[in-house]
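# Observations on the model geometry
The primary structure of each chain is shown beneath.
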Amino acid sequence: MPTATARDAGNLALERSRKAWGDTEWGIKQAFFSEGLNPSGAEPWAPGQCTNRLSTTYEQEDRAKVPRSLANLVKDGWIPVPGTPANTQFAKGDLRLSVSAEHDVSEPGSPVQANVPLKYVFLNVTSSSCTGAAGLFE
């Protein structure tokens, strides 16, 4: 009968980490999709990864959808971090979600390219228990 090896255990841990990040990313995106926004970005999870960045773009008249999307995250268990400006920092377990200030796609150095006037915010997710070696979720 075959026995599990340390490598098998490591592979299982990596797969659990990959799935956990995918579930977290999807939950964040769903909070924005439900308000008609289209979040994007997020590099595929890789071993040793402790942070990830998403963004969502929107037209000026859709600006009110961002706080509603963040309220959806709160309904999903993300807790606003006390002592921080409203709608900028959220926590869930050992994860922290930081929401950037609003940017305009026409700003110099904007990573978002568009032929129409759009606004965007970054959504940065970080694990407070990440060691870097094992990755975002241990």
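Residues numbered from 1 in each chain as written. Predicted model: local features only at pLDDT ≥ 70, side-chain atom pairs only at ≥ 80, totals over all residues. Heavy atoms only, no water.

Turning our attention to the pattern of salt bridges. On inspection of all chains with the given rule, the structure shows seven salt bridges. Asp23 is the salt-bridge partner of Lys19, the closest N and O atoms lying 2.8 Å from each other. Placement of both Lys19 and Asp23 in helix α1 (residues 6-33) is noted, with a separation of four residues, approximately one turn of the helix. Take Lys19: its relative accessible area is 54%, and that puts it in the exposed class. Residue Asp76 pairs with Lys92 through a salt bridge whose shortest N-O separation is 3.7 Å. (Salt bridge = Lys/Arg side-chain N within 4 Å of Asp/Glu carboxyl O. Helix = DSSP H or I, 4+ residues; strand = E, 2+ residues; numbered from the N terminus. Buried < 20%, exposed > 50% of the residue type's maximum accessible area, 1.4 Å probe, protein only.)

Now for the environment of Gly93. Within the secondary structure layout, Gly93 lies in the loop between β4 (89-92) and β5 (95-99). It is 9.2 Å that separates the C-alpha atoms of Gly93 and Gly77, two residues lying 16 residues apart in sequence.

Our focus in this paragraph is the packing of aromatic side chains. Here the structure, examined in full by the defined rule, presents two aromatic pairs. For the pair Trp26 and Phe33, a centre-to-centre distance of 5.6 Å together with 55° between the ring planes defines the contact as tilted. Overall, the relative accessible area of 31% leaves Phe33 in the partly exposed class. Aromatic pair Tyr120 and Phe122: ring centres 5.3 Å apart, planes at 75°, arrangement edge-to-face. A residue is classified by how much of its surface remains accessible, and Phe122, at 11% relative accessible area, is buried. The cationic tip of Arg53 hangs over the ring face of Phe122; the distance from NZ or CZ to the ring centre is 3.9 Å. (Phe/Tyr/Trp six-rings, centres within 6.5 Å; stacked < 30°, edge-to-face > 60°. Lys NZ or Arg CZ within 6 Å of the ring centre and 35° of its normal.)

Moving on, we get to helix α2 (residues 65-75). Turning to α2, its buried residues are Lys65, Val66, Ser69, Leu70, Asn72 and Leu73. The arc that holds the buried residues of α2, viewed along the axis, is 150°, so those residues lie on one side. Immediately beyond the C-terminal end of α2, within one or two residues, lies Gly77, with a positive phi of roughly 105°. (Arc of directions from axis to C-beta.)

Here the focus is the nonpolar core. Of all hydrophobic cores here, the largest spans 19 residues; its most connected members are Ile28, Phe32, Leu73, Leu97 and Leu123. At the level of elements, α1, β2 (51-58), α2, β5 and β7 (119-127) are the ones that each hand at least two residues to this core. Of all the elements, α1 adds the most residues to this core, at four residues. Residues contacting Leu123, with those up to four places away along its chain left out, are Ile28, Phe32, Asn52, Arg53, Leu54, Leu97, Ser98 and Val99. Listed in part, the five residues of the second largest apolar core include Val112, Leu118, Tyr120 and Phe122. (Core = buried A, V, L, I, M, F, W, Y, C linked by side-chain atoms within 4.5 Å. Contact = heavy atoms within 4.5 Å.)

Here the protein averages 83 in pLDDT, while 86% of its residues score no lower than 70. In this model residues 133-138 is a low-confidence stretch, pLDDT under 50, and it forms 26 contacts with partners more than four residues away in sequence or in other chains. (pLDDT = per-residue confidence, 0-100.)

It is worth spelling out the pairing of β5 at this point. Going residue by residue along β5, you find Leu95, Leu97 and Val99 tucked away on one face and Arg96 and Ser98 left uncovered on the opposite face. Counting the residues between successive antiparallel strands, the hairpin from β4 to β5 contains two residues, one of them, Gly93, with a positive phi of roughly 60°. As paired strands, β5 and β7 are joined by five bridges and run antiparallel to one another. When the bridges of β7 are listed, Arg96 appears paired with Thr126. (Pairing = 2+ DSSP bridges.)

Moving on: the environment of Arg68. Within the secondary structure layout, Arg68 lies in helix α2. Overall, Arg68 belongs to the partly exposed group, its relative accessible area being 39%. The sequence separation of Arg68 and Glu35 amounts to 33 residues, and the corresponding C-alpha distance is 7.1 Å. In terms of polar contacts, Arg68 uses its side chain to reach the side chain of Glu35, at 2.9 Å. (Polar contact = N/O pair within 3.5 Å; in protein donor to acceptor, adjacent residues only side chain to side chain.)

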